[in-house]
Amino acid sequence: MTENAAEPAEMRFDTVEALEAYLAATDQPTNAPGDTQLRMLRHAMQDTPPACRDDERFVADYLTAQHRVELGRICRACPLRNQCRAYATRARPEAGFWAGQKYDQPTG
Ligand code: SF4
């Protein structure tokens, strides 16, 4: 059986920097959830840096209520919020804080 390295269906990113690095390495479409939205976000990031860049709180495993308020405030002011939310809503990243919230809880 051959290993298929081109199947990123379970691919998840915990930061916008991580997804930017991934997309910088490939222009090939994938089956990963939110791939289209991811590329739109990356396109926007080429001209506009995300407000969360280099802020370690956005990748923390645990956030206090106060941190959530602070990060939410940063996201609300971020010029990439719409693109970021479009991606996160579709991909539901299991880690990180995206467009004002965490997506690590199941829907329902
Ligand atoms: S909306 Fe928030 S998480 Fe998304 S890029 Fe902007 S600051 Fe980062």
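Residues numbered from 1 in each chain as written. Predicted model: local features only at pLDDT ≥ 70, side-chain atom pairs only at ≥ 80, totals over all residues.

Asks: I would appreciate a short explanation of the packing of helix 2 (residues 35-45) against helix 4 (residues 81-91) in the present structure.
Replies: In a pair of packed helices, the angle between the axes and the distance between the axes together describe the arrangement. Interaxial distance between helix 2 and helix 4 falls to 8 Å at its minimum, and their mutual angle equals 155°. For the element pair helix 2 / helix 4, the angle class is roughly antiparallel. Considering the relative orientation of helix 2 and helix 4, their crossing is left-handed. From helix 2, Gln-37, Leu-38, Met-40, Leu-41 and Ala-44 reach across to helix 4, where they touch Gln-83, Cys-84, Ala-86, Tyr-87 and Arg-90. (Axes fitted to C-alpha atoms, helices over the stretch in contact; angles between N-to-C directions. Helix = DSSP H or I, 4+ residues; strand = E, 2+ residues; numbered from the N terminus. Parallel < 35°, antiparallel > 145°, perpendicular 65-115°, else oblique. Left-handed = near helix turned anticlockwise from the far one by under 90°. Contact = placed C-beta atoms within 7 Å.)

Asks: Got a minute to help me understand the packing of helix 1 (residues 16-25) against helix 2 in this structure?
Replies: Relative orientation of the contacting elements helix 1 and helix 2 amounts to 95°, with a least axis distance of 10 Å. In this view, helix 1 runs roughly perpendicular relative to helix 2, as classed from their interaxial angle. From helix 1, Val-16, Leu-19, Glu-20 and Leu-23 reach across to helix 2, where they touch Leu-38, Arg-39, Arg-42 and Met-45. Within the contact of helix 1 with helix 2, the residues separate by chemical class into five nonpolar, no polar and three charged. (Nonpolar A, V, L, I, M, F, W, Y, C, P; charged D, E, K, R; others polar.)

None of this, on its own, says anything about what the molecule does.
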